[in-house]
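Chain residues, written in single-letter form:
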Amino acid sequence: MLHLFRVRAVWRQAFLLFVFLFSFAPALRAQVNWSPDGQSYSLVEDGEVVQYTLPANERQVLLSKKDLTPAGQTEPLAVDYYAYSDDGTKVLLFTNTRRVWRLKSRGDYWVLHLNGRRLQPLGKGRPESSLMFAKFSPDGTKVAYVSENNVYAEDLASGEVTALTTDGTPQLINGTFDWAYEEEFFCRDGFRWSPDSKAIAYWQIDAHGTGTFYMINNTDSIYSQPIPLEYPKVGEAPSACRVGVVDLGTKQTTWMQVPGDPRQHYIVRMEYVPESSRLLIQQLNRKQNHSKLMACNPTTGATQMLYEEQDEAWVDVDQAGNPYAIDFRNRFEWLDGGKAFLWSSEKDGWRHLYRLSTEGGNERLITPGDYDVIEFSGLDEKAGYAYFMASPDNATQRYLYRVRLKGGKAERVSPADLQGTHSYVLSPSGKWAFHLFSNTHTRPLREVVSLPRHRPTEPDSSIKAKLAAAQLDTHVEFFQVTTEDGVEMDGWMVKPLDFDSTKRYPVVFLVYSEPAATTVRDVYGAGRNRNYDGDMAADGYLYLSLDNRGTPAPKGRAWRKAIYRKIGQVNIRDQAMAAKEILKWNYVDPSRVAVWGHSGGGSATLNLLFQYPEIYKTGIALAAVANQLTYDNIYQERYMGLPQENREDFVQGSPLTHAKNLVGNLLYIHGTGDDNVHYQNAEMLINELVKHNRQFQFMAYPNRTHGIYEGEGTTEHLRTLYTNYLKTYCPPGVQAVTP
């Protein structure tokens, strides 16, 4: 991983490690604080907060180690996150952090008063490391936070702490979210200050009635210890959800009158409209194919419909910003002081940006054309431009574009001579940006540039100046395969170092194949196998990966949503038919074909091995969903529908159904403490394989979670296990082609 700044992300599904390993902007977004005018930025360096002023990048220590050392202590606070008050007189410091599922979102907070350099601890009387998502009120006089599922406000002058909710329990959650919301919508920070600092709007999640899944810890004591987890399985109703606004004076909550059954919908976005008292809320129905945007009156709770959208498959939730930052919010991108906002939609067949009014009506498409907006990047509202990522001509790459807020033809901003994957973190003004770049043969590079001309602030240390020194011969080649079904798929491959087209080599396929991630991207590190102990190319393997229909490549709505209700079928056939074409290459040995993957990739590995045993001879599957009916409702119902209506699709797409067809070699690996894809999948699969006398190898890692990395020696053991198995059952080396 790029060590520009400390990265605090643990990925949504273990395979997303591969995807985000080389997406550098999230690390920067989590650590860089731009000044409101966008002319400087600050970050943590060597335990201090330093500021760089542009364009000269003049460095200044804002918060020294002395400033960060509490009275009576000798060591400074280890700051994981910090934020300034709106008036710039105070700094909120997050320290002593603890992980909650994926990220360190629980810890202790301090306020540093810059006038006098006084440190003030927050949360008096609350348990250590129990505060979450603390933030200043807009007037800077208070800080609100969540602790043990209740919302609190603390007056900074008096130190008085007020409980704004008192009914919080592990099942009744105020100001934050349950496991499923956090995992599938990236919802964590669940409350918002009103612009006048007099009220707080917050989510309440009621998980009563949600099934409890028990993980078992068998190693830390003589008697086993159950670990309960409220986890709504597919087909079960979601946790009830509502939004309330609590008045800080009366401590009374007014509930927003969002229509519909609260256990049959999701509220995925909520913000105060700037310079107003109104709330804007996005509601999804349970199937997630009908989105409604509504304005709410916080005083009365009355709601007014502004926009709605339906899709025959699902409506994507637009996630602006960095979903792997602890303070991430599915935010709105406001225009004209809150009179309008940007919105993304696929309703014309491509993901585009639209300008919408907070009063309803006046919808305007601003990115017309047959291409996808991959990600919104930022605004230069003064000049009248929106910046976004796209790659109309190559789905494996990404570039920065800009378009007028009035709409029109997009203009590429990223340099034409830097082919690969770009990431940007724009300043609030849109005049400056951190620019990060890599491709398969270029190590990650960064610079600060001015926009829109993309000029580096330090030409002598710019990306182009450092390019030659960062380039390596990685032997990654991109290619395309068209299957017998007429599906054209992008792929990459790494050939053996001593490649000879007159000889035959074993082939190893890396798969993911589901809607959460692509594997074929032109980034540094593509073509590497994190679980292989050694150099696959030097050992004589041909290593490949392909993206099938249903993966989130920028190829239009039809490509991405072809998988609807057909996970385990459409993606599996696409992968197998592509492999069938590859096996026609004269240097591929069809008797030595292996496939591996983690999480959704583990599921695909099982399905490929079971459904197409004539193609795949060896498989290594990690943390796989063996039975789709065991996974969470938000993810599975979004892409598969409700099992009450089309249960046969869930059954047909599950590896469990096809396990009896195992002919080749299978190594299955799972962590018993996996809160994401539960260990029960492993035992269900084992039972089915035993039932049909199918021989296989199995490894359980006690108490390891979905990533299978915790615990002393785990990573080394997993790499050794993986490598030995692959070499045994899909041996490396060449075989002469018979004339």
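This is a predicted model, so every value here is computed, not measured.

Enquirer: Summarise the layout of surface pockets; cite the residues concerned and give the values.
Expert: When its volume is computed, the second largest pocket comes out at roughly 510 Å³. Elements supplying a minimum of two residues to the lining of the second largest pocket: strand E6 (90–100), strand E7 (103–113), strand E9 (131–136), helix H3 (179–185) and strand E17 (225–230). Among the elements that take part in the lining of the second largest pocket, E17 stands out by supplying three residues, more than any other. A breakdown of the residues in the lining of the second largest pocket according to their chemical character gives eleven nonpolar, four polar and seven charged. Both domains that furnish three or more residues to the lining of the second largest pocket are identified here as domain 1 (27–163) and domain 2 (164–321).

Enquirer: Explain the packing of helix H7 (residues 570–582) against helix H8 (residues 600–611) to me, and be specific about the residues and the numbers.
Expert: In helix packing, the relevant descriptors are the interaxial angle and the interaxial distance, both defined with respect to the helix axes. Running from N to C, H7 and H8 point in directions that differ by 65 degrees, and their axes come no closer than 10 Å. The chirality of how H7 crosses H8 is right-handed. Of the residues in H8, those in contact with Ile572, Gln575 and Ala576 of H7 are Ala604, Asn607, Leu608 and Gln611. Of the residues contributing to the contact of H7 with H8, the split by class is four nonpolar, three polar and no charged.

Enquirer: Run through the environment of Lys406, naming residues and quoting values.
Expert: With respect to the secondary-structure elements, Lys406 resides in the loop between strand E30 (399–404) and strand E31 (411–412). Remark: the alpha-carbon pair of Lys406 and Asp178, spanning 228 residues in sequence, is separated by 40 Å.

Enquirer: Go over the sheet that holds strand E32 (residues 421–426), please, and point to the residues and values.
Expert: Strand order in this open sheet of four strands is E32-E33-E34-E35, and the pairing throughout is antiparallel. Here the strands that pair on one side only, and so sit at the sheet edges, are E32 and strand E35 (455–456). The pairing of strand E33 (residues 432–439) with strand E34 (residues 442–450) spans seven bridges and is antiparallel. Opposite His435, over in E34, you have Glu447 as the bridge partner. Sitting on the sheet, helix H4 (residues 463–470) is in contact with E33 and E34, with an inclination near 175 degrees to E34.

Enquirer: Could you give an account of the pattern of salt bridges, naming the residues involved and the relevant values?
Expert: Applying the stated criterion across every chain yields a total of 36 salt bridges. A salt bridge links Asp372 to Arg560; the nearest nitrogen and oxygen atoms lie 2.8 Å apart. You can see Asp372 sitting in the loop between strand E27 (364–365) and strand E28 (375–380) and its partner Arg560 sitting in helix H6 (residues 557–561), a full 188 residues away along the chain. Exposure class is identical for Asp372 and Arg560. Each is buried. Put simply, Lys495 and Glu477 hold a salt bridge, and the shortest N to O gap is 3.6 Å. Of this pair, Lys495 sits in the loop between strand E37 (488–494) and strand E38 (503–510) while Glu477 sits in strand E36 (residues 476–482), and the two are 18 residues apart along the sequence. Through salt bridges with shared partners, one network takes in Asp311, Asp316, Glu346, Arg351, Asp372, Arg557, Arg560 and Lys561.

Enquirer: Tell me about the UniProt feature "domain: Peptidase S9 prolyl oligopeptidase catalytic" (unreviewed entry) in the protein chain, and name the residues and values.
Expert: Mapped onto this structure's residue numbering, the UniProt feature "domain: Peptidase S9 prolyl oligopeptidase catalytic" (unreviewed entry) falls at residues 536–722. With 42% helix and 18% strand, residues 536–722 has its two end C-alpha atoms placed 12 Å apart.

Enquirer: Hey, could you go over helix H10 (residues 643–653) for me, with residue numbers and the actual values?
Expert: Among the residues of H10, those classed as buried are Pro643, Asn646, Asp649, Phe650 and Gly653. Take H10 and look down its axis: the buried residues cluster within an arc of 130 degrees, on one side only.

Enquirer: I'd like a rundown of empty space enclosed by the protein, residues and numbers included.
Expert: Scanning the model with the defined rule gives seven cavities of 30 Å³ or more in all. Looking at the second largest cavity, its volume works out to about 120 Å³. What lines the second largest cavity is a set of 19 residues, among which Glu514, Ile567, Gly600, Ser603 and Val625 lie closest to the centre. At the level of secondary structure, the elements contributing two or more residues to the lining of the second largest cavity comprise H7, H8 and helix H9 (633–640). The biggest single contributor to the lining of the second largest cavity is H8, with four residues.

Enquirer: An account of the packing of aromatic side chains is needed here, citing residue identities and associated values.
Expert: On inspection of all chains with the given rule, the structure shows 36 aromatic pairs. Residues Trp179 and Tyr231 carry aromatic rings whose centres are separated by 4.7 Å and whose planes lie at 40 degrees to one another, so their mutual orientation is tilted. On the criterion of sequence distance, the pair formed by Trp179 in helix H3 and Tyr231 in the loop between E17 and strand E18 (240–247) is long-range, its members being 52 residues apart. Each member of the pair Trp179 and Tyr231 is classed as buried. Ring centres of Phe332 and Trp343 lie 5.8 Å apart, and the angle between their planes is 20 degrees; on these two criteria the pair is classed as stacked. Note that Phe332 is positioned in the loop between strand E23 (303–310) and strand E24 (333–335) and Trp343 in strand E25 (residues 340–345), a separation of eleven residues in sequence. For the residue pair Phe332 and Trp343, the accessibility class agrees, reading buried in each case. Put simply, the rings of Phe177, Tyr181, Phe185, Trp203 and Tyr266 touch in pairs and so form one group of aromatic residues.

Calculation criteria
- Residues numbered from 1 in each chain as written.
- Predicted model: local features only at pLDDT ≥ 70, side-chain atom pairs only at ≥ 80, totals over all residues.
- Heavy atoms only, no water.
- 1 Å grid on protein atoms, 1.4 Å probe; cavity = no way out; pocket = protein on both sides within 12 Å on 5 of 7 lines; lining within 4 Å.
- Points joined across faces, edges and corners; volume = space filled by probe spheres on them.
- Helix = DSSP H or I, 4+ residues; strand = E, 2+ residues; numbered from the N terminus.
- Nonpolar A, V, L, I, M, F, W, Y, C, P; charged D, E, K, R; others polar.
- Domains from an automatic or database assignment.
- Axes fitted to C-alpha atoms, helices over the stretch in contact; angles between N-to-C directions.
- Left-handed = near helix turned anticlockwise from the far one by under 90°.
- Contact = heavy atoms within 4.5 Å.
- Pairing = 2+ DSSP bridges.
- Salt bridge = Lys/Arg side-chain N within 4 Å of Asp/Glu carboxyl O.
- Buried < 20%, exposed > 50% of the residue type's maximum accessible area, 1.4 Å probe, protein only.
- UniProt positions renumbered as here; feature names shortened; annotations may be inferred.
- Arc of directions from axis to C-beta.
- Phe/Tyr/Trp six-rings, centres within 6.5 Å; stacked < 30°, edge-to-face > 60°.

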